[in-house]
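Here are the chains, one letter per residue:
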Amino acid sequence: KYIRHIQNGRLNPQSADPQWLIHSAPVDADARLQTALESASLNRALAALSPGYRGYQRLKALLQGYLSLASAGGWPTVPPGLKLEKGVYDQRVQSLRHRLLLSADIDAVDVLDSFEFDEELELAVRRFQARHGLETDGIVGRHTLAALNVPIEERIQQVLLNMERWRWLPEELGPRYLLVNMAGFDLQVVENEATVMDMRVIIGRPYRSTPAFVAEMTHLVFNPYWNVPHKLAVLDLLPAQQKDPQYLTRKGFRVFADWSKDATEIDPDTIDWSQYDASNFTFRLRQEPGTDNSLGRIKFMMPNPYAVYLHDTPAQHLFKRAVRTFSSGCIRVEQPLRLASYLVQDERRWTDEDVMQIIESRENSALILQRKVPVYMLYLTAWVDDAGRANFRDDVYGRDHLVRKAWNAVTG
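Below you will find a few notes about this structure. All values derive from a computational prediction rather than experimental measurement.

Parameters and conventions
Residues numbered from 1 in each chain as written. Predicted model: local features only at pLDDT ≥ 70, side-chain atom pairs only at ≥ 80, totals over all residues. Heavy atoms only, no water. Phe/Tyr/Trp six-rings, centres within 6.5 Å; stacked < 30°, edge-to-face > 60°. Helix = DSSP H or I, 4+ residues; strand = E, 2+ residues; numbered from the N terminus. Buried < 20%, exposed > 50% of the residue type's maximum accessible area, 1.4 Å probe, protein only. Lys NZ or Arg CZ within 6 Å of the ring centre and 35° of its normal. 1 Å grid on protein atoms, 1.4 Å probe; cavity = no way out; pocket = protein on both sides within 12 Å on 5 of 7 lines; lining within 4 Å. Points joined across faces, edges and corners; volume = space filled by probe spheres on them. Nonpolar A, V, L, I, M, F, W, Y, C, P; charged D, E, K, R; others polar. Patch = residues over 30% accessible without salt bridge, like charges linked within 9 Å, V, L, I, M, F, W, Y side chains within 5 Å. Areas by Shrake-Rupley, 256 points an atom, 1.4 Å probe, with all protein chains shown as cover. Salt bridge = Lys/Arg side-chain N within 4 Å of Asp/Glu carboxyl O. Contact = heavy atoms within 4.5 Å. Pairing = 2+ DSSP bridges. Core = buried A, V, L, I, M, F, W, Y, C linked by side-chain atoms within 4.5 Å.

**Considering the packing of aromatic side chains**
So, step 1. Here the structure, examined in full by the defined rule, presents 13 aromatic pairs.
So, step 2. Residues Y89 and F115 carry aromatic rings whose centres are separated by 6.0 Å and whose planes lie at 65 degrees to one another, so their mutual orientation is edge-to-face. In this pair, Y89 sits in the loop between α5 (54-71) and α6 (92-102) while F115 sits in the loop between α6 and α7 (119-131), placing the two residues 26 residues apart along the sequence.
So, step 3. Residue classification places F115 among the partly exposed positions, given a relative accessible area of 24%.
So, step 4. Both rings, one in W226 and one in F253, keep their centres 6.1 Å apart while their planes meet at 55 degrees; by these two values the pair is tilted. Note that W226 is positioned in strand β5 (residues 226-227) and F253 in strand β6 (residues 253-256), a separation of 27 residues in sequence. Grouping residues by exposure puts W226 and F253 together as buried.
So, step 5. By way of ring pairs, the aromatic residues W273, Y276, F281 and F283 are connected into one cluster.
So, step 6. Just above the ring of Y309 sits the side chain of K299; from NZ or CZ to the centre is 5.2 Å.

**Observations regarding the layout of surface pockets**
So, step 1. Quantified by volume, the largest pocket comes out at close to 960 Å³.
So, step 2. In this structure, the largest pocket is lined by 36 residues; those nearest its centre are W226, L232, D236, S328 and R332.
So, step 3. Among the elements of the structure, β5, α10 (230-243) and β11 (325-327) are those that each provide at least two residues to the lining of the largest pocket.
So, step 4. No other element matches α10, which puts 4 residues into the lining of the largest pocket.
So, step 5. Taken together, the residues that form the lining of the largest pocket break down as 18 nonpolar, 11 polar and 7 charged.
So, step 6. The computed volume of the second largest pocket comes to approximately 830 Å³.
So, step 7. Along the walls of the second largest pocket sit 38 residues, with D186, D198, W383, N391 and R393 positioned nearest its centre.

**Quick look at a nonpolar patch on the surface**
So, step 1. Nonpolar side chains collect at one region of the surface, where L33, L37 and L42 lie side by side and expose about 250 Å² of accessible area between them.
So, step 2. The residue L37 is located in helix α3 (residues 29-37) in this model.

**A closer look at the environment of F326**
So, step 1. Mapped onto the elements of the fold, F326 is located in strand β11.
So, step 2. It is 36 Å that separates the C-alpha atoms of F326 and V93, two residues lying 233 residues apart in sequence.
So, step 3. Sequence-distant contacts of F326, that is, excluding residues within four places in its chain, are made with I202, I203, R205, L318, R321 and R332.

**A few points about the pairing of β6**
So, step 1. Bridge count between β6 and strand β8 (residues 284-287): 4 bridges; the pairing is antiparallel. Counterpart to V255 in the pairing with β8 is L285.

**Some details on the nonpolar core**
So, step 1. With 81 residues, the main nonpolar core has M217 and L339 as its most contacted residues.
So, step 2. With 7 residues, strand β13 (residues 365-378) is the single largest residue contributor to this core.
So, step 3. The contacts of M217, once residues within four sequence positions are left out, are L178, F300, M301, M302, L310, L343, L369, K372, V373 and V375.

Now the structure itself:
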């Protein structure tokens, strides 16, 4: 039972979280137990069975540190009050310093009793905010105060839940892969367990949430068309067209009678849009390549049953937001040109200039990747980064809540 739990998890992933759609092979616990019994040290053999991913091992080390800190009383709370910022002189600053010292955001022990909010403390607050996905303004306002006052016991539970998610993954992720952490709004390119590229992403809105799954990136599409899914056409574009009769034309959309290959194109000005709703809308809307195209200049294709892919976006300003849940389910990437250049580096000795030349042609084209790349779409609300910093994020999709409920039912 221990071997099954340490390698496949205590919970059934799909029962705990219906949106976790990654399936790993069941472990042969009997065989692995026999191998452990025949080893020189049973304890070492069993310990070696835990997932070897760096993400898991880093969380394991963090858990040990947090358990020790919790046994010593945890970290103090910062009393409520007006916002704390540089230049303020307040007794609560002392509690703030102690709190940030225990989470390794500040190390100025000699000024722990100071009531002054100085520049060094502001930098410490910024570090804390960055680790928790908050606006890094260096000011302890409502959201930062709430994150500071999350009890260490709750953070321990969060670490445990995310260690469980790592156990739900396949035993091997591969020598090169993309990891999209939806809860962290982040994409990493990993080679031999080292992060070689990192960028921000935008994920699906909570009511159009992106599932956790694994797919293989097979090709790139430059200057893509956007054939709008029927659901999005009805929910988003039809109301916009009914409100503004020139909306589709202005945004570069063409209207076709239906979804057949040889469907007749229809002038949108000849359609009485007020007569249509979800029950009788049969049109296919296609947005042409261009600066207004919702998919941007590049689409990264990874065939899957959920119609999710990665793509560029003209709405670059949204990447400045701390919480980035703005898409309809697909993943928008912050630096598509950089990612594309990396993916095609093995193809015909392509350069960044080659990629840019294709984009500037404005012609729709595709490039098949000779070297396919696994893409892991994960939901992790706690992790330790390459600098050794513990990171925590809010449960934007409510999936921690589901897993915690199942966890508590099993562990008591």
